[in-house]
Amino acid sequence: MFKVVLVMHDGENEYYRMNKVYFESMPVAGQYIYNSDGLAYQVEEVAEFAGYVSSKGATTILVVHPANKNESVSKLYGLNIERDLDD
């Protein structure tokens, strides 16, 4: 598991920390992810820490922006991970 810090890129030069999350495989730039808020985001940048071990366990910063509401990835509302995705 990879523990990452999500950073929202909102506007020209507006960045803010969203939350820390875990991934089983590291996302790549251009990939869509779902956050715990149930919304889809597209990964812009992946920045891994070099030579630094966080006491809180994060290894990477993912810079994301909201997915376009008209894209099909944004229409998957209502999924419940435990009910719909876990075996």
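Conventions we followed
- Residues numbered from 1 in each chain as written.
- Predicted model: local features only at pLDDT ≥ 70, side-chain atom pairs only at ≥ 80, totals over all residues.
- Heavy atoms only, no water.
- Helix = DSSP H or I, 4+ residues; strand = E, 2+ residues; numbered from the N terminus.
- Buried < 20%, exposed > 50% of the residue type's maximum accessible area, 1.4 Å probe, protein only.
- Contact = heavy atoms within 4.5 Å.
- Areas by Shrake-Rupley, 256 points an atom, 1.4 Å probe, with all protein chains shown as cover.
- Polar contact = N/O pair within 3.5 Å; in protein donor to acceptor, adjacent residues only side chain to side chain.

Moving on, we come to the overall build of the chain. Within the chain one finds one helix and five strands. In sequence order, the chain lays out its α and β elements as β-β-β-β-β-α. A total of 87 residues make up the chain; the buried ones form 30% of that total. In the chain, the proportion of contacts linking residues at least 24 apart, taken out of those at least 6 apart, comes to 35%. For the chain, the exposed area adds up to about 6100 Å²; of that, 51% sits on carbon and sulfur atoms.

To continue, consider the side chain of threonine 60. Inspection of the secondary structure puts threonine 60 in strand 5 (residues 60–66). Separated by 3.2 Å, the side chains of threonine 60 and threonine 59 make a polar contact. Ignoring anything within four residues of it in the chain, the contact list for threonine 60 reads Lys3, Val4, Val5, Met26, Val46, Ala47, Glu48 and Phe49.

With respect to the secondary-structure elements, glutamine 31 resides in the loop between strand 2 (15–23) and strand 3 (32–34). Separated by ten residues in sequence, glutamine 31 and tyrosine 41 have C-alpha atoms that sit 8.4 Å apart. Setting aside residues up to four positions removed in sequence, glutamine 31 forms contacts with Tyr41, Gln42 and Val43.

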